Amino acid sequence: MEGWDPNTKSTLTQIPLLATKAGPRDGATWTQRLKEEYKALIAYTQMNKSNDNDWFRISAANPEGTRWTGKCWYVHNLLKYEFDLQFDIPVTYPSTAPEIELPQLDGKTQKMYRGGKICLTVHFKPLWAKNCPRFGIAHALCLGLAPWLAAEIPILVDSGMIKHKDDATSSTDS
């Protein structure tokens, strides 16, 4: 964590680390891992709300906890930009980090792969590998998606690649 800004360090230290090394094929130990994932996500969400920094909603889309969906948003120039969020837990999880997808932004930035998967290879994947199995979904959101949104959304808005929902409706009304 050397070289990180104080806010990131503070946030990260408040997200519980996970202990169970289990993936979707590991039966009862996967269930234990899911419980730890939920605890970490709840702690991260509560911390964000208490700091007036609420920026995502996410839940398991299937009972096995292998597909996750939700919404994330970013405020730029006092306007809220909201996006669908989804990812699958890889079979090799937690050794392999989930590939976070924002389908609405597919093809709008070079820092994204086909299907709307955000690019996390250079900065986040080595960090994930170093901290496996202690990192989980909450850590991927905190250290992967949040910085990606902060870096990319202002550029996409300023370049006109994405428009605020109010701008889009007012231009169609004219």
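Bear in mind the structure is a predicted one, so any value in this text is a computation, not a measurement.

### Some words on the overall build of the chain
Here comes step 1: Scanning the chain for helices and strands turns up 5 helices and 5 strands.
Here comes step 2: Across the chain, helices and strands are ordered from the amino to the carboxyl terminus as α-α-β-β-β-β-β-α-α-α.
Here comes step 3: Here the C-alpha atoms of the chain give a radius of gyration of 17 Å, agreeing with the 16 Å that 2.2 N^0.38 yields for 174 residues.
Here comes step 4: With the C-alpha coordinates aligned to their principal axes, the bounding extent of the chain is approximately 55 × 35 × 30 Å.
Here comes step 5: In the chain, once contacts between residues fewer than 6 apart in sequence are set aside, the share between residues at least 24 apart is 51%.
Here comes step 6: Split by element, the accessible area of the chain, about 9,600 Å² in all, is 52% carbon and sulfur.
Here comes step 7: For the chain, the distance from the average site of its 20 positive side-chain charges to the average site of its 19 negative ones is 6 Å.

### Notes on the packing of aromatic side chains
Here comes step 1: Applying the stated rule across the entire model yields 9 aromatic pairs.
Here comes step 2: Put simply, the rings of W30, Y93, F124, W128 and F135 touch in pairs and so form one group of aromatic residues.
Here comes step 3: Positioned above the aromatic ring of W73, the side-chain terminus of K80 is 4.5 Å from the ring centre.

### So, helix α4 (residues 137-158)
Here comes step 1: Here α4 spans 30 Å end to end across 22 residues, near enough to the 32 Å set by a 1.5 Å rise per residue.
Here comes step 2: For α4, the principal kink sits at L145 and spans about 30°; a proline, P147, occurs within the next four residues.
Here comes step 3: Positive backbone phi, approximately 85°, marks G160, located one or two places after α4.

### Digging into the nonpolar core
Here comes step 1: Ranked by size, the top nonpolar core spans 45 residues in total, and within it L102, L141 and L145 carry the most contacts.
Here comes step 2: When contributions to this core are tallied by element, the ones reaching two or more residues are α2 (28-50), β1 (56-60), β2 (67-76), β3 (79-88), α3 (124-130) and α4.
Here comes step 3: Excluding residues that lie within four positions of it along the chain, L145 makes contacts with W55, C72, L85, I100, L102, I118 and A140.

### Description of the pairing of β3
Where a strand is regular, its side chains alternate between the two sheet faces.
Here comes step 1: Taken together, the 10 bridges between β2 and β3 define a ladder with antiparallel strand orientation. Paired with K71 across the strands is D84, a residue of β3.

### Topic: the pairing of β1
Here comes step 1: Strand direction decides the pairing type here: β1 and β2, joined by 5 bridges, are antiparallel. By the bridge assignment, R57 is partnered in β2 with K71.
Here comes step 2: From the end of β1 to the start of β2, which pair antiparallel, there are 6 residues, and G65 there has a positive phi angle of about 75°.

### A look at the environment of I118
Here comes step 1: Mapped onto the fold, I118 is located in strand β5 (residues 117-118).
Here comes step 2: On the basis of relative accessible area, I118 is assigned to the buried category, the value being 4%.
Here comes step 3: Distance in space between the C-alpha atoms of I118 and G144 is 8.8 Å, their sequence separation being 26 residues.
Here comes step 4: In this structure, I118 is in contact with I100, L102, K111, M112, Y113, G144, L145 and W148, ignoring residues within four places of it in sequence.

Cut-offs applied
- Residues numbered from 1 in each chain as written.
- Predicted model: local features only at pLDDT ≥ 70, side-chain atom pairs only at ≥ 80, totals over all residues.
- Heavy atoms only, no water.
- Helix = DSSP H or I, 4+ residues; strand = E, 2+ residues; numbered from the N terminus.
- Rg over C-alpha atoms; globule rule 2.2 N^0.38 Å.
- Contact = heavy atoms within 4.5 Å.
- Areas by Shrake-Rupley, 256 points an atom, 1.4 Å probe, with all protein chains shown as cover.
- Lys, Arg positive; Asp, Glu negative; His and termini not counted.
- Charge placed at Lys NZ, Arg CZ, Asp CG, Glu CD.
- Phe/Tyr/Trp six-rings, centres within 6.5 Å; stacked < 30°, edge-to-face > 60°.
- Lys NZ or Arg CZ within 6 Å of the ring centre and 35° of its normal.
- Expected span 1.5 Å × (residues − 1).
- Bend = angle between axes of the 7 residues up to and from the residue.
- Core = buried A, V, L, I, M, F, W, Y, C linked by side-chain atoms within 4.5 Å.
- Buried < 20%, exposed > 50% of the residue type's maximum accessible area, 1.4 Å probe, protein only.
- Pairing = 2+ DSSP bridges.

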